[in-house]
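Examining the three-dimensional arrangement
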Amino acid sequence: MTLGKASDSDGPRATKHSPEVTRENARRAYRIMLEARILEEKLAVLYRSGKIVGGVFLGRGQEALSVSLGIHLRRGDVYAPLIRDQAGRMAFGDTILDTMRTYLGSSLGSMRGRDGNIHRGRPSEGYHAMISHLGAMVSTVCGGLMAKRFRGETGAVGGTCIGEGGTSTGSFHEGMNLAGVEKLPIVVVVANNQFSYSTPNDRQFACNDLLVRAEGYGVRGRRAVGNDLMDCLSVIGEAVSAARSGEGPQLVVADLLRLVGHGEHDDASYIPAAMKESSLGGDCLDLARTTLLEKGWLTGEEAADWQKIVEKEVEETSSKVLREPSPDPSEEDWNAFSCLDSQQNSRYPEERQ
Amino acid sequence: MSAITYLEAIRLAQQKALQDDPRVFIYGQDIGGFGGAFKATKNLAKEFPGRVLDSPISEDAMVGLAIGAAVEGMRPIIEMQFADFSTCGFNQIVNQAATLHYRTGTPCPLVVRLPSGGTPGGGPFHSQSMEAIYAHYPGLIVMTPATVEDAYTMLLEAVALDDPVIFCEHKFLYYHLKADKLPETVLPFGKAKIARQGRDATVVAYSAMVHEALAAAEELTHDGYDIEVVDLRTVRPIDTDTILASVARTGRLLVVGEAWPWGGVAAEVIARVATEGFGLLDAPPQRLNAKETPVPYHPALWGTHRPTASSVANSLRQLLEL
Ligand SMILES: Cc1ncc(C[n+]2csc(CCOP(=O)(O)OP(=O)(O)O)c2C)c(N)n1
């Protein structure tokens, strides 16, 4: 097999290339994964009881991969998470409170009831608010990084995630190619969870391994084991460092399974039992806890305490947000413009026009 | 036979099209064994092996494939998972499908099914009504069925037509609307329909808004008014004759659309009535559309963003006082 650059760069993981994962990072990652898991379980309950309207799309089983990108980004970086990135979002600074508010449409949330669920962010803080159209965020992250380059700011990294299905879009291809041409410090993580909604990989792409695409885009490719927190932390950590130090775009591909339906309306009965029982189906949260316990980086008591603390916070936040005001249509200005007022008159002073 | 929903009518029309015409195939995301995000192709992949296929998430290529197949004489139906994602196939639709016959004399018979319109909690990217955008382009037929019967017959007609058809099926109607049986006869293509007869004012509507208009008309009977409702059925071609004939009877016009007002179907109807039937009007023609922001997520905002029976009734009361 001639995989060219992609395979050259994909050395044995967690050995040759991979930096050590620190105790502190691993503990923090696990704690965030736990928060994401417990929060999302609550979101599912709220959806089933009719409190959340529309849809709920969970990242169960993908927390290790997701958190590993968010945790390696820092203030000043650009981050565009996607559907299954609750953990990564929290690592980047999103909160249980704002997640709840956005799902429940609270007028106090960052999206003010105007957009909901996973479609949230604070773009002015480098946290892009995804649109549903898959693939669209790769190029917007590129744009954020270009702006920094124009301004002479160095050291920032952009990170975004996508499912294997999203890699079939024209937008993804254009974004990756552009990133390669501009040699931008972007890390694109592909969560290959084997199914795009109900569609299996053999109806999605014809190459044996999505990692070979890195070669085509002229970017560095790396592979991570999607449900192994230590491996994800180490591979993505290295990808982020490489991008930060000027080595250009990085494509990380990780195999895993989502351990829930596409959304909470979907029972995922199309995922074969054998696949669920394979190593792909291992629950990254359980695996991470076992590893941390084995390494002595976490005690059983701590794990149990964290569980309780997080459950309590999620419950309290949920009751609080359920009492918060909904947006009041009569107080909306119904104005999509920033330069026009609600009567569609210019907001600029006369002299400027 | 138990009641047939609007969604089931769409499924049955596709089943019939596949049965009757070997040139028909359906291509779209998750439409095979899974039966589609809304189950509009449930069991069809099993019933018609190899003709109902799961596509990659590649809207541009999906439409391009349909165009190429149509040129070869096939009759493809493309299911967009949501109308909103058709923007990713926009170039192929408006620049290739719409122009093909004019440029080359070769027809381009394909159907793009757009699950359209708002539902509570749908938000900005799963709620859009895109009929005006596609109707803007010469060469595209744009259908907006409002009833179970029309969903069925118009989809069959869409497959039979030699031009590309953008079929806007309303998600809000999928489960709510029911009919006892499907029609055997079809209204002529491109004809609007008087959904309710009246003499005091005409409401022109299409798709889900027909039902809001009918409910508003009902409400106004309590005020002693008799409102006529015209269901456009197709927005392109647009049946100006039926609209003008109705306005000739009532003298007053309100056009209702779920999409944004700017350059939209309501604007087109009003422009036609103003230029061709100015003398028929007893009052300035009015329109009621969605508010001019993206479709909001919160159900309370969404319910105000789109026209509803009560906002249509309010607009009608104002119109009747002019
Ligand atoms: C351009 C576009 N087309 C269709 C959709 C509808 N859609 C939403 S999620 C999804 C499946 C995504 O699969 P994948 O990218 O593998 O991510 P996963 O859901 O598996 O995490 C589809 C088809 C979309 N969001 N964007």
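Residues numbered from 1 in each chain as written. Chains lettered and ligands numbered in written order. Predicted model: local features only at pLDDT ≥ 70, side-chain atom pairs only at ≥ 80, totals over all residues. Heavy atoms only, no water.

With that settled, consider the overall build of chain B. Looking only at helices and strands, one finds 12 helices and 14 strands in chain B. Against the 2.2 N^0.38 benchmark of 20 Å for 322 residues, chain B shows a C-alpha radius of gyration of 19 Å, consistent with a compact globule. Judged by the C-alpha coordinates and their principal axes, chain B covers about 60 × 40 × 40 Å. Long-range contacts, defined as pairs at least 24 residues apart, comprise 81% of the intrachain contacts of chain B with a sequence gap of at least 6. Taken together, the 26 basic and 36 acidic charged side chains of chain B have centroids lying 2 Å from each other. (Helix = DSSP H or I, 4+ residues; strand = E, 2+ residues; numbered from the N terminus. Rg over C-alpha atoms; globule rule 2.2 N^0.38 Å. Contact = heavy atoms within 4.5 Å. Lys, Arg positive; Asp, Glu negative; His and termini not counted. Charge placed at Lys NZ, Arg CZ, Asp CG, Glu CD.)

Moving on to the sheet that holds strand β2 (residues 24–28) of chain B. All names here are of chain B. The seven strands are arranged β3-β2-β4-β5-β7-β6-β12 in an open sheet whose pairing can be described as mixed. Of all strands in the sheet, those with a lone pairing partner are β3 (52–54) and β12 (234–236), marking the two edges. With direction set aside, neighbouring strand axes in the sheet form an average angle of 20 degrees. With five bridges joining them, β2 and strand β4 (residues 75–79) adopt parallel strand pairing. Directly across from Y27, in β4, lies its bridge partner I78. (Pairing = 2+ DSSP bridges. Axes fitted to C-alpha atoms, helices over the stretch in contact; angles between N-to-C directions.)

A few words now on the environment of B:T185. All names here are of chain B. For T185, the position within the fold is in the loop between β8 (178–179) and β9 (193–196). Residue classification places T185 among the exposed residues on the basis of a relative accessible area of 65%. A C-alpha to C-alpha distance of 9.9 Å links T185 and E149, two positions 36 residues apart in sequence. (Buried < 20%, exposed > 50% of the residue type's maximum accessible area, 1.4 Å probe, protein only.)

Before going further, it helps to examine the interface of chain B and chain A. Of the residues lining the interface, 33 residues belong to chain B; the matching set on chain A comes to 38 residues. With both sides pooled, the region where chain B packs onto chain A buries about 2700 Å², and carbon together with sulfur makes up 64% of that total. Its largest share of buried area at the contact with chain A, chain B owes to B:I57, B:Y297 and B:L301, together 27% of the area lost on that side. Applying the counting criterion to the chain B and chain A interface returns zero salt bridges. Among the secondary structure elements, those contributing two or more residues to the side of chain B that touches chain A are β3 and α11 (299–305) of chain B. Among the elements that take part in the side of chain B that touches chain A, α11(B) stands out by supplying five residues, more than any other. When grouped by side-chain class, the residues that make up the side of chain B that touches chain A number 18 nonpolar, 10 polar and five charged. (Buried area = accessible area lost by both parts, 1.4 Å probe. Salt bridge = Lys/Arg side-chain N within 4 Å of Asp/Glu carboxyl O. Nonpolar A, V, L, I, M, F, W, Y, C, P; charged D, E, K, R; others polar.)

This part takes up the side chain of B:Q81. Among the structural elements, B:Q81 can be located in the loop between β4 and α4 (90–104). Only 3.4 Å separates the side chain of B:Q81 from the backbone oxygen of B:Q29, close enough to count as a polar contact. Only 2.9 Å separates the side chain of B:Q81 from the side chain of B:D30, close enough to count as a polar contact. Other than its neighbours up to four places away in sequence, B:Q81 contacts A:Y197, B:Q29, B:D30, B:A37, B:F38 and B:P115. (Polar contact = N/O pair within 3.5 Å; in protein donor to acceptor, adjacent residues only side chain to side chain.)

All names here are of chain B. According to the domain assignment, chain B consists of domain 1 (4–179) and domain 2 (193–321). Using C-alpha coordinates to define each centre, domain 1 is positioned 26 Å away from domain 2. Taken together, the contact between domain 1 and domain 2 spans 30 residues of the former and 25 residues of the latter. Both sides together, the interface formed by domain 1 and domain 2 hides about 2100 Å², and carbon and sulfur atoms give 60% of it. (Domains from an automatic or database assignment.)

Another point: the pairing of strand β7 (residues 165–170) of chain B. Residues and elements named next belong to chain B. Counting buried positions over the six residues of β7 gives six, a clear majority of the element. Of the two faces of β7, the one holding V165, F167 and E169 and the one holding I166, C168 and H170 are both buried throughout. The sheet contact formed by strand β5 (residues 111–116) and β7 spans six bridges and is parallel. Bridging across to β7, V111 finds its partner in V165. As defined by bridge partners, strand β6 (residues 141–143) adjoins β7 across three bridges and the pair is classed as parallel. Pairing of M143 across the sheet is with F167, part of β7. Regarding topology, helix α6 (residues 148–160) serves as the crossover connection from β6 to the parallel β7, and that connection is right-handed. (Right-handed = clockwise from strand over helix to strand, strands pointing away.)

Moving on: unusual backbone geometry. At the junction of B:R236 and B:P237, the peptide bond is cis and its omega measures out at 5 degrees in the coordinates. Its location among the elements puts B:P237 in the loop between β12 and α9 (240–250). Even without being a glycine, A:N117 presents a positive backbone phi close to 40 degrees. Examined against the element boundaries, A:N117 turns out to sit in the loop between α5 (96–104) and α6 (136–150). The backbone of A:Q194 shows a phi angle near 75 degrees, a positive value even though the residue is not glycine. Inspection of the secondary structure puts A:Q194 in the loop between β3 (186–192) and β4 (195–196). A residue is classified by how much of its surface remains accessible, and A:Q194, at 11% relative accessible area, is buried.

The subject of this paragraph is helix α8 (residues 209–221) of chain B. Residue and element names in this part refer to chain B. Under the 1.5 Å per step criterion, the end-to-end length of α8 is 19 Å for 13 residues, consistent within 8% with the ideal 18 Å. Among the residues of α8, M209, V210, E212, A213, A216, A217 and L220 are the ones counted as buried. One side of α8 carries all its buried residues, which in axial view fall inside an arc of 160 degrees. Looking at the buried residues of α8, the elements they touch are β9, β10 (201–205), β11 (227–231), β13 (253–256) and α12 (309–321). (Expected span 1.5 Å × (residues − 1). Arc of directions from axis to C-beta.)

For the rest of this paragraph, the subject is the packing of aromatic side chains. Summed over all chains, the structure comprises 16 aromatic pairs over all chains. Between B:F82 and B:F85, the aromatic rings sit 6.0 Å apart at their centres with planes inclined by 90 degrees, giving edge-to-face as the arrangement. Connected via pairs of aromatic rings, a cluster forms that spans B:Y6, B:F38, B:F82, B:F85, B:Y174 and B:Y175. Above the plane of the ring of B:F34 lies B:K39, whose end atom (NZ or CZ) is 3.5 Å from the centre. The residue whose ring lies beneath B:K291 is A:W334, and the NZ or CZ to ring-centre distance is 5.6 Å. (Phe/Tyr/Trp six-rings, centres within 6.5 Å; stacked < 30°, edge-to-face > 60°. Lys NZ or Arg CZ within 6 Å of the ring centre and 35° of its normal.)

Glancing now at the site of the ligand. The immediate surroundings of the ligand are formed by 20 residues, with A:R84, A:S132, A:G165, A:G166 and B:E59 found nearest. Here an oxygen atom of the ligand sits 3.0 Å away from a polar atom, N or O, in the main chain of A:F195. Computed on the free molecule, the ligand has an accessible area of 580 Å², of which 96% lies beneath the protein chains in the complex. The residue makeup of the shell around the ligand, split by class, is seven nonpolar, 10 polar and three charged. (Near = heavy atom within 4 Å. Areas by Shrake-Rupley, 256 points an atom, 1.4 Å probe, with all protein chains shown as cover.)

All names here are of chain A. As a packed pair, α6 and helix α7 (residues 170–182) sit with axes 7 Å apart at the nearest point and diverge in direction by 25 degrees. Taken together, the axis directions place α6 and α7 in an arrangement best described as roughly parallel. Considering how the two elements wind past one another, α6 and α7 form a crossing that is left-handed. Two secondary-structure elements touch here, α6 through A136, V138, S139, C142, M146 and R149 and α7 through S171, F172, G175, M176, L178, A179 and E182. Across the contact of α6 with α7, the residue classes tally to eight nonpolar, three polar and two charged. (Parallel < 35°, antiparallel > 145°, perpendicular 65-115°, else oblique. Left-handed = near helix turned anticlockwise from the far one by under 90°.)

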